[in-house]
Amino acid sequence: SNDDDDTIRFSAGLSNSVIGLVAGELEIIEALAIDASNLRANVSIDAQHGSRVLNYTASSGDLTLKNIAVKGGYTSGDNSSDPIPILESTYSGAGIRFLSDGILTLVDCKIHRNSALATYVYGGGIFADSGTVALIDSAVSENIASGSFSLGGGIFANSGLVNAINSTLNENTSVSDSSTNSSASGGGIFTRSGPISLTTTTLSGNSASSRGGGISTSRGTITLTNSTITGNSTLGVGGGVYVFRNL
């Protein structure tokens, strides 16, 4: 550990190991680093489609993951309300639900095959409300947000920054169970007012039923630097990128 927070580290023999969750999600209530950067292969935390994987419930503090795979997360239920004016996220963020106004940092990580199925669902892979999501050399892939109002198959960030460097977001899906497909946006990334910054990052093969197969934002800004958005799709508008408004 260090002076500011606690750190979980792994012995060399745990390289490429899988931690299977059998009693539900791992709840984190204070600043924490889970660091497997000393290992040749990552450590997987697998909820085996029985629960969410990680739930950071503190309103402040940072969560840092290094060389960790977060996979097999599953949430199902009905969040109680439309996100305006109250964002209710009980069944959002099947991989990681991050309620802090701090920073969620992922380095050499994989957020993979997590599924959030709900009414008013936000973030199949990652949900963040006011905090920052920082991806470095990481991959967010094959995550699903599905419901009558689903936003952010890979990542949902409400007002915080999404900053990805040397990373990939691919084959994530935001799908509506409504026949109108009018409320499923941001297959790869969705933000409401949070800015999005991508540097040497690729978004490919993501899809959304209505808007923004790759990226969708309501009021955020998007900055792309040496990045690629390709092969994303939607049944509505903005196969690659959809910006509703910028106020």
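Just so it is clear, the structure is predicted and the values come from calculations on it, not from any experiment.

A.B. asks: Just give me the short version of the pattern of salt bridges, but keep the residues and values in it.
C.D. replies: Going through the model one piece at a time under the given rule, you end up with 2 salt bridges. A salt bridge links Glu25 to Arg52, with the nearest nitrogen and oxygen atoms 2.8 Å apart. A residue pair is termed long-range when its members are at least 10 positions apart, and Glu25 in the loop between strand 2 (18–20) and strand 3 (26–28) and Arg52 in the loop between strand 5 (43–46) and strand 6 (54–56) qualify at 27 residues. Residue classification places Arg52 among the buried positions, given a relative accessible area of 5%.

A.B. asks: Talk me through the pairing of strand 5; I want residue IDs and the actual numbers.
C.D. replies: Residues of strand 5 alternate between two faces, with Val43 and Ile45 on one and Ser44 and Asp46 on the opposite face, all of them buried. Note that strand 2 and strand 5 share 3 bridges and pair parallel. Pairing of Ile19 across the sheet is with Ile45, part of strand 5. The pairing of strand 5 with strand 8 (residues 68–71) spans 4 bridges and is classified as parallel. Counterpart to Val43 in the pairing with strand 8 is Ile68.

A.B. asks: An account of the sheet that holds strand 13 (residues 115–119) is requested, with residue identities and associated values reported.
C.D. replies: If you walk across this open sheet you meet the 6 strands as 9-13-18-23-28-32, and the pairing is parallel. Each edge of the open sheet carries a strand with a single partner, namely strand 9 (74–78) and strand 32 (233–234). In this structure, strand 9 lies alongside strand 13, joined through 5 bridges in parallel fashion. Bridging across to strand 13, Thr75 finds its partner in Ala116.

A.B. asks: Which residues make up the sheet that holds strand 22 (residues 168–170), and what values go with them?
C.D. replies: If you walk across this open sheet you meet the 8 strands as 2-5-8-12-17-22-27-31, and the pairing is parallel. Each of the sheet's edge strands pairs with one partner strand only, and the pair in question is strand 2 and strand 31 (228–230). Strand-to-strand twist in this sheet, taken as the mean axis angle between neighbours without regard to direction, amounts to 10 degrees. Bridging between strand 17 (residues 139–141) and strand 22 involves 3 bridges; their strand directions are parallel. Its bridge partner lying in strand 22, Ala139 is registered against Thr168.

A.B. asks: Please set out the environment of Ile68 residue by residue, giving values where relevant.
C.D. replies: Here Ile68 is to be found in strand 8. Taking the C-alpha atoms as reference points, Ile68 and Asp108, separated by 40 residues in sequence, lie 7.1 Å from one another. What Ile68 contacts, discounting residues up to four positions off in sequence, is Phe10, Ile34, Ala36, Asn42, Val43, Ile45, Asp108, Cys109 and Lys110.

A.B. asks: Could you give an account of the environment of Ala12, naming the residues involved and the relevant values?
C.D. replies: Note that Ala12 resides in the loop between strand 1 (6–9) and strand 2. Put simply, Ala12 and Arg40 are 28 residues apart on the chain and 8.3 Å apart in space, counted from C-alpha to C-alpha.

Reading guide: rules and limits
Residues numbered from 1 in each chain as written. Predicted model: local features only at pLDDT ≥ 70, side-chain atom pairs only at ≥ 80, totals over all residues. Heavy atoms only, no water. Salt bridge = Lys/Arg side-chain N within 4 Å of Asp/Glu carboxyl O. Helix = DSSP H or I, 4+ residues; strand = E, 2+ residues; numbered from the N terminus. Buried < 20%, exposed > 50% of the residue type's maximum accessible area, 1.4 Å probe, protein only. Pairing = 2+ DSSP bridges. Axes fitted to C-alpha atoms, helices over the stretch in contact; angles between N-to-C directions. Contact = heavy atoms within 4.5 Å.

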